[in-house]
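Residue-level listing of the chains:
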Amino acid sequence: MPTAATFRSPRPSARAALVTAVAVLTAATATACSTSSPSDAKASGSTSAASGSGSGSGSGKKIEVVAAENFWGSIAAQLGGDHVHVTSIIGNPDTDPHDYEPKVADARSVAGARYTIVNGIGYDSWADKLLAANPASGRTELKVGDLVGVKPGGNPHRWYSPDDVHKVIERITGDYKKTDPAHAAYFDQRKTAYETKDLAAYTKLISEIKSKYAGTPIGASESIVTPLAEGLGLKTLTPETFLAAMSEGTDPTAKDKATIDDQIKNKQIKIYVYNSQNSTPDVQAQVKEAKEAGIPVATVTETLAPANATFQQWQTAQLQGIEEALAKATGR
């Protein structure tokens, strides 16, 4: 299976914005556990969410959680329910998480967080810098890449790996219990409900696709598809170098494009899966070629789409699209 190469570093404008955000924050007085105001969330492009059933937080304060991206933020909010307040910095589907330009409000949110979730693996290095610029002794930090054992240069799209998603669920629940031990039983209940009920359709689709279509050859537009393909047991034929180029934002080689054209023309792939939030002219041409060749096309996105969807709603809809494409392609 192909692996992703290192992702592109933030643009100079992103680095400049980060310096500005940190400098302004340093000049201001930050409160250790304050809740981000609606105006801050709006200004930073952040999304806040707290969901779940059960008793309220009583006299205790909610755990202030900051997630660099809303796919992890959605999971964190649902696991924490009434006892957490989650702010997701990347919440706009049109925002590129790689090159995000941090706002002053983002730095304030990080400074006031008791728990932070960063993807890591080079995907959101701007978030690492925000954390380093705003140290806090009482804050717990989760870096997903470190948790799942993927080093810089590996594929950073761990939210598309079903196994890694469950590892993150386990860790977040454990960290919540350590941060707020008085509500440990509540967090255990939330985790059980989330995995057995909320993720039921997601888990069932993964199992069904893997059971029915394992080994089916597919084409992909970039390495975001790779962890999901591995989780579904599908075989990605697209050259690794092309997947890496698309993920890094560099030009693919003529040889790789010719290889993919040949795979499509000769129907060596059964379906083509592409990231609609990173649809370059080369990818658009491949989508067009696949459709003209009668090869079903399925779509995935980088972040939650729509932005107000839950992680499971988003992933389940995409899995249904992949399953439908596979069924059409194979007649099964």
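Residues numbered from 1 in each chain as written. Predicted model: local features only at pLDDT ≥ 70, side-chain atom pairs only at ≥ 80, totals over all residues. Heavy atoms only, no water.

A.B. asks: Which residues make up the side chain of D175, and what values go with them?
C.D. replies: Among the structural elements, D175 can be located in helix α7 (residues 162-179). Buried charged residue D175 carries no salt bridge. Nearest counter-charge: R171, at 4.6 Å. Excluding residues that lie within four positions of it along the chain, D175 makes contacts with Y115 and T140. (Helix = DSSP H or I, 4+ residues; strand = E, 2+ residues; numbered from the N terminus. Buried < 20%, exposed > 50% of the residue type's maximum accessible area, 1.4 Å probe, protein only. Lys, Arg positive; Asp, Glu negative; His and termini not counted. Salt bridge = Lys/Arg side-chain N within 4 Å of Asp/Glu carboxyl O. Contact = heavy atoms within 4.5 Å.)

A.B. asks: Account for a positive patch on the surface, naming residues and giving values.
C.D. replies: Together, K212, K267, K270 and R332 line one region of the surface with positive charge. Here K270 shows up in the loop between α12 (254-265) and β8 (271-275). (Patch = residues over 30% accessible without salt bridge, like charges linked within 9 Å, V, L, I, M, F, W, Y side chains within 5 Å. Areas by Shrake-Rupley, 256 points an atom, 1.4 Å probe, with all protein chains shown as cover. Charge placed at Lys NZ, Arg CZ, Asp CG, Glu CD.)

A.B. asks: Explain helix α8 (residues 184-198) to me, using residue names and the numbers behind them.
C.D. replies: The end-to-end C-alpha separation of α8 is 20 Å, in line with the 21 Å expected for 15 residues at 1.5 Å each. Residues of α8 that are buried include every one of A184, Y186, F187, R190, K191 and Y194, and no others. Projected onto a plane normal to the axis of α8, the buried residues spread over an arc of 160° and lie on a single side. Of the exposed residues in α8, the ones pointing more than 90 degrees away from its buried face are A185, Q189, T196 and K197. Of the surrounding elements, those touching the buried residues of α8 are β2 (63-69), α3 (70-80), β3 (84-90), α7 and α14 (311-330). (Expected span 1.5 Å × (residues − 1). Arc of directions from axis to C-beta.)

A.B. asks: Before we move on, can you summarise the packing of α12 against helix α13 (residues 281-292) with the specific residues and values?
C.D. replies: The N-to-C vectors of α12 and α13 enclose an angle of 15°; their axes lie 10 Å apart at closest approach. Taken together, the axes of α12 and α13 are roughly parallel relative to one another. At the point where α12 passes α13, the crossing takes the right-handed sense. In contact with K257, I260, D261 and I264 of α12, α13 contributes D282, Q286, E289 and A290. Classifying every residue of the contact of α12 with α13 by side-chain character gives three nonpolar, one polar and four charged. (Axes fitted to C-alpha atoms, helices over the stretch in contact; angles between N-to-C directions. Parallel < 35°, antiparallel > 145°, perpendicular 65-115°, else oblique. Left-handed = near helix turned anticlockwise from the far one by under 90°. Nonpolar A, V, L, I, M, F, W, Y, C, P; charged D, E, K, R; others polar.)

A.B. asks: I'd love a proper account of the sheet that holds strand β6 (residues 217-220), names of residues and values included.
C.D. replies: Taken in spatial order, the four strands of this open sheet run β7-β6-β8-β9, and their pairing is parallel. The outermost strands of the open sheet, each flanked by one partner alone, are β7 (235-236) and β9 (297-300). Note: β6 against β8, three bridges, orientation parallel. Bridge pairing in β8 places G219 opposite Y272. Here α13 sits on the sheet and contacts β8 and β9; the angle it forms with β8, its principal contact strand, is near 155°. (Pairing = 2+ DSSP bridges.)

A.B. asks: Explain the nonpolar core to me, and be specific about the residues and the numbers.
C.D. replies: Here is a general trend for soluble globular proteins: nonpolar side chains tend to be buried in one another's company. Counting residues in each nonpolar core, the largest one holds 56 residues, and the members touching the most others are V65, I75, I117, I172, Y176 and F311. Those residues in contact with I172 that sit more than four places away from it in its chain are I75, A76, L79, Y115, I117 and L142. Among the nonpolar cores identified, the runner-up in size contains 13 residues, and V66, A107, A113 and L130 belong to it. (Core = buried A, V, L, I, M, F, W, Y, C linked by side-chain atoms within 4.5 Å.)

A.B. asks: Which residues make up the packing of aromatic side chains, and what are the values?
C.D. replies: Summed over the entire model, instances satisfying the criterion amount to twelve aromatic pairs. Seen in terms of ring centroids, F71 and W314 are 6.4 Å apart; in terms of plane orientation they differ by 15°. Their pairing is stacked. Placement of F71 in helix α3 and of W314 in helix α14 is noted, with a sequence separation of 243 residues between them. Taken as a pair, F71 and W314 share a single burial class, namely buried. An aromatic cluster of three or more residues is present, and its members are F71, W72, Y123, W159, Y160, Y202, F311 and W314. (Phe/Tyr/Trp six-rings, centres within 6.5 Å; stacked < 30°, edge-to-face > 60°.)

A.B. asks: Break down α14 for me, citing the residues and quoting the values.
C.D. replies: In this model α14 runs 28 Å from its N-terminal to its C-terminal C-alpha over 20 residues, within 8% of the 28 Å that 1.5 Å per residue would give. Along α14, the positions that sit buried rather than exposed are F311, Q312, W314, Q315, T316, Q318, L319, I322, A325 and L326. Among the residues trailing α14, G331 stands out with phi positive, at a value near 75°.

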